[in-house]
Each structure stands twice: as structure tokens, then as C-alpha cells.
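Analysis of the macromolecular model
The lines below spell out each chain.
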Amino acid sequence: MTGTTTPPASTPAATPTPTPTPTPVTVLRDVRPWGGERSDLHVADGVITAVVPHDPAATDGAEPQNTAAPGVVDGGGLLALPGLVNAHAHVDKSWWGKPWVSYGGEPGTQGRIAHERAHRDELGIPGVDVTLAVLRESVRTGTTAVRSHVDVDLGVGLRGIEVVREAVAALGGAVHAEIVAFPQDGVLRRPGVLDLLDQAAAAGAEHIGGLDPASIDRDPVGQLDGLFAIAERRGVGIDVHLHDGGELGAFQIELMIDRTLRTGLQGKVNVAHGFAVGQLAGSRQADLVAAMGEAGITMSTVAPIGAAPLPLHALRAAGVPVGLGTDGIRDLWSPYGTGDLLTLTTQLARLSGFRYDEDLVTAARIASADAARFVGREVHDLVVGAPADVVLVDAENVPDAVVRAPRRALVVAGGRVVAKDGEVLV
């Protein structure tokens with residue numbers, strides 16, 4: 001690995017702990033949920049308790065002419081979206097906040113794995129400081145919930161999981177996280193990794209991961225049997241990175257469908273990437289998508305440039321929830337990524353050929369409300385009973401917000417203002 005030095009102004013730096021503290025919210029006044037009518041969101045114990053039409057004359061308990069009373073936050077008529085949900089992240093891998101690291105690995109999955117294993121210790125990865133830095137940047141741009149794959153292997157053991165948990169705890173509820181114990185270096189080809197995944201599940205990881213059962217482990221039946229045995233025994237979910245395309249990828253999805261139905265794990269199995277689904281054509285694709293829906297399997301995408309787009313409308317029609325995630329953010333796999341999920345939503349919409357308003361709204365829902373199950377929530381929306389996670393943007397409507405990805409004016413997480421005008425308050 002080589003390193004180059006760049007001027008400080010061009011290097012994203014971990015922001016020092018700010019002086020301001022998060023503001024508890026009891027009423028978020030004058031916002032437009034999903035671009036609708038001006039409304040007031042009432043909040044208690046971090047949950048939305050009422051959504052009522054905005055009355056400019058109401059003070060919500062504040063003194064007249066003082067709507068800035070404690071707990072009453074004026075939204076100024078801005079458009080409101082639910083907090084963004086990053087359904088596929090690797091927050092333990094990032095070097096965000098450190099000096100620029102030039103990429104020096106070989107191409108392909110195997111080359112990137114080897115490069116990362118050789119150099120992660122030099123950068124203090126995994127480390128609480130870098131994990132906290134990338135999480136704070138995600139919060140700044142409106143992400144309030146995340147499913148993060150965290151490397152579990154013979155070199156790092158379960159240490160990365162503890163690092164991520166510590167970083168999340170340091171944010172005091174600004175971001176809700178679920179963890180996937182992820183075998184980035186393979187499962188069966190590294191004896192002992194299945195035991196580590198089992199230990200991670202027993203210790204509270206919500207999901208265990210897999211990686212290209214055919215092309216990495218060269219034993220798709222063996223890897224999937226091992227993963228499903230742990231998931232069934234421990235009651236956790238499964239989230240498999242599947243880069244294999246075409247019929248090879250489709251075959252592995254069919255193996256997952258079969259095991260999901262046999263073990264009763266419907267609703268707990270996710271296919272990440274799943275390039276094969278976008279590559280299949282006609283009835284072959286339709287039949288596979290329908291089978292995934294019947295098995296309760298979900299999908300997550302990172303909207304990669306150059307890959308065949310997933311058939312989002314067909315997946316949704318078949319009852320296959322789709323989540324959007326950033327993948328890695330400035331890590332040893334790639335220098336790309338900012339953690340800004342709304343900007344990634346723009347990319348998802350463009351790659352999917354979305355132009356109509358209803359399609360652009362669909363993209364926004366994939367990045368927020370529709371991704372509730374990816375972070376263990378029954379509901380994640382601007383409705384009564386949902387967590388009070390809200391992002392305000394200056395946009396005419398949701399399609400405008402998706403196309404422009406304007407700056408996040410206010411971010412509320414768990415009923416507290418955690419970012420405002422680009423400043424993180426946690």
C-alpha cells in the first residue's frame with residue numbers, strides 16, 4: 001500500500017466533539033411529511049404520538065410569539081422524510097477522517113480481501129475512532145438507522161463487533177444499528193470461522209453473513225447448510241453477499257429459498273447485491289423473483305454503477321422488500337463513498353431509469369420507510385407509533401428531494417435533534 005499526502009482542506013476529518021447538545025423534541029412544528037400538507041409531529045419518549053394539521057396560531061404550550069420554547073422545534077415548512085436507513089454498510093472498515101490512503105490492491109474480490117487483510121492493522125481498523133467518525137458523517141447526512149456487516153475472521157475474531165457497538169453507544173441513540181457478523185475472508189475455506197459466527201450469534205449479533213458460497217468457498221451447499229444451522233439454532237437472520245452472476249448466482253438463491261422454507265426462516269434471510277437477479281431475463285427472472293417473495297427473502301443493493309439494475313418494481317410486486325446501502329465508505333476496498341444515502345438514492349433512481357414522480361417516491365421509500373425490517377423495526381415512517389426519526393430538507397416535493405439530494409437542514413433521531421445545518425450535535 002502506498003500513501004499520498006493531500007492538503008488538509010481536501011481530507012475529511014473527524015469533527016471534534018461539539019459544544020452544542022442534542023435538543024429533545026416534544027413538537028416538530030410546521031413540516032410537510034412526504035411533501036404533503038403542513039403538519040405538526042408530536043413526540044414523547046422518542047416516538048411519534050400524533051400527526052396533526054399545522055395551526056400557525058398554536059403555541060403548543062410555548063409563550064405567545066415564542067415557538068422556540070424547550071422541546072418545540074420549528075420546521076419552517078420544510079419537507080420531512082423519515083430518517084434514512086442504510087441497509088448495507090461496513091462501518092468497521094472505513095478510514096474516514098484519516099489522511100488519504102491510495103489504493104494498492106489487486107482487482108477482484110480475492111485481491112481486495114488480501115489487500116485489506118494485509119493493511120488494516122496499519123490504519124487501526126477496526127477502531128472506535130474511525131467507526132465513530134464515519135457514523136457521525138452518516139448522521140450528519142440524515143441516516144438514523146443502519147445494518148452493518150462487521151468482519152469476523154481468524155485475525156480479528158469478534159473484536160470488530162465490540163468496536164461497532166462501542167461507537168454506536170457513544171452516539172447516545174443518534175443511530176440505531178443492527179449487526180451482521182460477516183465472514184469477509186470466507187467460511188468453509190477458513191476452518192474455525194463457522195464457530196466464530198456461532199459465537200457472534202450467541203453473543204447478540206442479529207444476523208450472520210455469508211459470501212459467494214460457490215466462488216469463494218467452492219461449496220455452496222456446505223456454506224449455506226452451515227449458516228442455516230446456526231441461524232435456526234440461535235434464532236438470528238442470514239445476510240449473504242452474493243456477487244456471482246447469471247445462472248450460478250440464481251442457483252445459489254434457489255438453494256437459499258429451499259433452506260429458508262425448510263427451516264421456517266421466512267422474513268429472516270437477505271440476499272445482498274444479488275446481481276444475478278438483474279441479469280436474468282423474461283420468465284426465468286419472474287419465476288425466481290416470485291419464489292423469493294413466497295419464501296419471504298429480502299434483497300439489498302448498493303446501486304452499483306455498471307451492474308444490471310435490479311427489477312425493483314417486479315421485486316416489490318412480488319413482496320420482496322428491497323433496502324439500499326452504501327457498502328464500504330472510504331476503505332481498503334475503494335476510496336469512494338461519502339455515507340450520504342440520499343445522494344445514493346439519486347444514483348439508484350438514475351440507474352433504474354426512474355423519471356416519473358411515483359417512481360422517484362418509490363426510491364425515497366426504499367431508502368427510508370420501506371427498509372424498516374432491515375433494522376428490526378415494525379414501522380419506520382412519519383406516522384403514529386414510529387420512532388421519531390425525521391430528516392428535513394428544503395425541497396418542493398419528494399421527487400425534487402431525490403433528484404437534487406439537498407443539504408439536510410435538520411436531523412432528528414429518537415426524538416432529539418442530532419444534526420442541524422450540517423453540524424453534528426452528538
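The paragraphs below set out a description of the structure included in this document. (Residues numbered from 1 in each chain as written. Predicted model: local features only at pLDDT ≥ 70, side-chain atom pairs only at ≥ 80, totals over all residues. Heavy atoms only, no water.)

Taken in spatial order, the eight strands line up as β6-β7-β8-β9-β10-β11-β12-β13 in an open sheet, and their pairing is parallel. Each of the sheet's edge strands pairs with one partner strand only, and the pair in question is β6 (84–89) and β13 (322–324). Recorded for the sheet is a direction-independent mean angle of 25° between the axes of neighbouring strands. Pairing analysis gives four bridges linking β6 to strand β7 (residues 143–151), with the strands arranged parallel. When the sheet's bridge partners are listed, Ala-89 is paired in β7 with Ser-148. Of the strands in this sheet, β9 (207–211), β10 (237–242) and β11 (269–273) touch helix α5 (residues 220–234), which is tilted by about 180° from β9. (Pairing = 2+ DSSP bridges. Helix = DSSP H or I, 4+ residues; strand = E, 2+ residues; numbered from the N terminus. Axes fitted to C-alpha atoms, helices over the stretch in contact; angles between N-to-C directions. Contact = heavy atoms within 4.5 Å.)

It is worth spelling out the pairing of strand β8 (residues 176–182) at this point. Among the seven residues that make up β8, six are buried, leaving the element largely enclosed by the rest of the structure. Once you follow β7 into helix α3 (residues 159–170) and on to β8, the crossover reads as right-handed. Relative to β9, β8 runs parallel, the two being bridged by two bridges. Residue pairing for β9: Ala-181 is matched across the bridge by Ile-208. (Buried < 20%, exposed > 50% of the residue type's maximum accessible area, 1.4 Å probe, protein only. Right-handed = clockwise from strand over helix to strand, strands pointing away.)

As a further point, take the nonpolar core. Within the largest apolar cluster, 87 residues are counted, with the highest numbers of intra-cluster contacts made by Ile-238 and Met-292. Not counting residues up to four positions away in its chain, the partners in contact with Met-292 are Ile-253, Ile-257, Val-271, Val-277, Ile-297, Met-299 and Val-320. Formed by 18 residues, the second largest nonpolar core is a distinct cluster that contains Leu-382, Leu-392, Ala-409 and Val-412. (Core = buried A, V, L, I, M, F, W, Y, C linked by side-chain atoms within 4.5 Å.)

What the rule picks out here adds up to five cavities of 30 Å³ or more. In this model, the largest cavity occupies a volume close to 130 Å³. Lining the largest cavity are 13 residues, and of these Thr-301, Pro-304, Ala-308, Pro-309 and Leu-310 sit closest to its centre. Here the lining of the largest cavity is composed, by residue class, of 10 nonpolar, three polar and no charged. Its boundaries defined by the atoms lining it, the second largest cavity holds a volume of some 60 Å³. Grouping the amino acids of the lining of the second largest cavity by side-chain chemistry returns three nonpolar, one polar and five charged. (1 Å grid on protein atoms, 1.4 Å probe; cavity = no way out; pocket = protein on both sides within 12 Å on 5 of 7 lines; lining within 4 Å. Points joined across faces, edges and corners; volume = space filled by probe spheres on them. Nonpolar A, V, L, I, M, F, W, Y, C, P; charged D, E, K, R; others polar.)

A few words now on the packing of aromatic side chains. For the coordinates displayed, the defined rule picks out one aromatic pair. Note on Trp-95 and Trp-100: the rings are 5.5 Å apart at their centroids and 85° apart in plane angle, and the pair reads as edge-to-face. Directly above the aromatic system of Trp-34 lies the positively charged group of Arg-365, at a separation of 5.0 Å from the ring centroid. (Phe/Tyr/Trp six-rings, centres within 6.5 Å; stacked < 30°, edge-to-face > 60°. Lys NZ or Arg CZ within 6 Å of the ring centre and 35° of its normal.)

Quantified by volume, the largest pocket comes out at close to 900 Å³. Lining the largest pocket we find 33 residues, and of these Val-302, Thr-326, Asp-327, Gly-328 and Ser-334 sit closest to its centre. Of all elements in the fold, only α1 (108–119) and α10 (341–351) reach the threshold of two or more residues within the lining of the largest pocket. Considering each element in turn, the lining of the largest pocket owes the most residues, five residues, to α10. In the lining of the largest pocket, the residues fall into 11 nonpolar, 16 polar and six charged.

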